[in-house]
Amino acid sequence: MTDQPLKAAILGASGYTGAETVRLLRNHPNVTPVAATGNALAGKTLSDIFPHLRGKYDLDVIKAEDVDWGGIDVAFGCLPHGTSQDLIETLPAHVKVVDLSSDYRFRDAVAYSKAYGREHIAPKRTANAIYGLSEHAGDAMKGADLVACPGCYPTAILMVLLPLMNPMIIDRDAIIIDAKSGATGAGRGLKEGNLFSEVTEGLHAYGVGTHRHTPEIEQELNLRAGLNDIEVTFTPHLIPMARGEHVTCHLRGDVDAIHAALSAAYEGQPFVSVLPLGSPPPDTRHVRGTNDCRIAVYPDSAKGRVIVIAVIDNLVKGSSGQAIQNLNLMMGWDQALGLDALLPLFP
Ligand SMILES: NC(=O)C1=CN([C@@H]2O[C@H](COP(=O)(O)OP(=O)(O)OC[C@H]3O[C@@H](n4cnc5c(N)ncnc54)[C@H](OP(=O)(O)O)[C@@H]3O)[C@@H](O)[C@H]2O)C=CC1
Ligand SMILES: CC(=O)N[C@@H](CCC(=O)OP(=O)(O)O)C(=O)O
């Protein structure tokens, strides 16, 4: 516990990751949300929008331009990409920022504009932001002013692949990732194809061969490996559940070496568990509502191939939980503060 809890503004509190950040901060001893912003829903209270938060943190939802930044220590950016940088670049310098959008994940603004179809308004800041995959960000996180949380898919995928990069213990030309996300991954706004009646009882791939998370994943793999030509095949699917993410990585390598590298990488980490070889495959329900990531490694009957599965909750480890873990690391606190009491909701 600090003398004075940090005062937090949740930008985009009327959306899924914003509301989840508010929910999770209820358990945090050192951070208190004092401002919540929205756009179309500004003027309501949080519990008007999210009745499950009634009596917890019932803040007024206001426009970002009406926040009194003098009293704010940290902002969680839970805004659409593009909107996020437009707002973050106007914040006073004393406000630390944990951004959940993709706006500060690319070290190279040219790569950003290629993936997102717009110029970055602050190329130097994106080049210097910390890429906040918590377990891999290292010492640079402590004292940082701006941390970019990874996308939900890159979070689960890089958890599997980064420990295999240096030394490179897999065939770097044969990385194939099949990924599935619950519908909250697409945000709360109404989007064609995301209605219950169009999602339930079906399954579809999207962004096939073109998804914007592919260059994000490749950036981090190449940085870790000290290379510039690693490419991956990544195919995401939308599945009929609210939250949860499941990734299956098809690799070439030695099953024991891969299992050993992953086990060593996450030994002692509170949120990442590498299951013993031979374990039943993890289920998204095993991590639902928690900041956990579970990884399991399997030999394939096809010679020399290995299958690695990872599951996370996209709204916790894939966004709001990891954002809080990152703030803990930025402040030099125990990384598990406010997050370690979460138990999975099962079934
Ligand atoms: N959902 C997920 O699983 C993950 C999401 N992310 C990223 O986190 C960010 C937030 O995602 P998510 O919570 O799902 O999105 P939502 O669509 O659920 O929420 C978006 C929020 O941004 C606000 N907003 C939208 N447009 C504007 C604007 N022009 N000016 C100010 N505020 C605006 C909305 O306000 P209002 O509703 O009042 O209009 C709402 O509060 C996105 O960048 C997303 O890509 C990252 C990892 C995982
Ligand atoms: C199911 C679904 O639509 N998921 C989103 C990813 C959510 C996420 O991580 O988005 P950001 O990179 O914007 O933070 C998508 O595929 O675009």
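All figures in this text were calculated on a predicted structure; none of them were measured in a lab.

Each value, and the rule that gives it
Residues numbered from 1 in each chain as written. Chains lettered and ligands numbered in written order. Predicted model: local features only at pLDDT ≥ 70, side-chain atom pairs only at ≥ 80, totals over all residues. UniProt positions renumbered as here; feature names shortened; annotations may be inferred. Helix = DSSP H or I, 4+ residues; strand = E, 2+ residues; numbered from the N terminus. Pairing = 2+ DSSP bridges. Contact = placed C-beta atoms within 7 Å. Axes fitted to C-alpha atoms, helices over the stretch in contact; angles between N-to-C directions. Near = placed C-beta within 6 Å. Nonpolar A, V, L, I, M, F, W, Y, C, P; charged D, E, K, R; others polar. Buried ≥ 20, exposed ≤ 12 C-beta atoms within 10 Å, placed from the backbone.

Caption draft 1: Spotlight on the UniProt feature "domain: Semialdehyde dehydrogenase NAD-binding" (unreviewed entry) in the protein. With numbering matched to this structure, UniProt assigns "domain: Semialdehyde dehydrogenase NAD-binding" (unreviewed entry) to residues 7-144. Secondary structure content for residues 7-144 is 28% helix and 17% strand, while the C-alpha to C-alpha distance between its ends is 17 Å.

Caption draft 2: View of the sheet that holds strand E3 (residues 61-62). Pairing is parallel across the open sheet formed by 7 strands, whose spatial order is E3-E2-E1-E4-E5-E7-E6. Either end of the sheet is taken by a strand with one partner, and the two such strands are E3 and strand E6 (130-131). Relative to strand E5 (residues 96-99), strand E4 (residues 74-77) runs parallel, the two being bridged by 4 bridges. The residue of E5 that forms the bridge with Gly77 is Asp99. Helix-sheet contacts for helix H11 (residues 316-331) involve strand E2 (31-37), E4, E5 and strand E7 (146-148), and the interaxial angle to E5 is about 150 degrees.

Caption draft 3: Spotlight on the site of ligand 1. Looking at ligand 1, there are 30 residues lining it, with Gly15, Gly38, Ser101, Gly187 and Arg188 nearest. For the shell around ligand 1, the secondary structure elements donating two or more residues are helix H1 (16-25) and H11. A total of 3 residues in the shell around ligand 1 trace back to one element, the largest contributor, which is H1. Counted by class, the shell around ligand 1 contains 11 nonpolar, 18 polar and 1 charged residues.

Caption draft 4: Examining unusual backbone geometry more closely. Along the chain, Asn166 connects to Pro167 via a cis peptide bond; the corresponding omega equals 10 degrees. Along the chain, Pro167 falls in the loop between helix H7 (152-161) and strand E8 (176-181). Phe346 connects to Pro347 through a cis peptide bond whose omega is 0 degrees. Along the polypeptide, Pro347 turns up in the segment after H11. The phi angle at Glu201 is positive, at roughly 60 degrees, despite the residue not being glycine. Checked against the element boundaries, Glu201 lands in the loop between helix H8 (196-199) and strand E9 (204-205). Take Glu201: there are 7 C-beta atoms within 10 Å of it, and that puts it in the exposed class.

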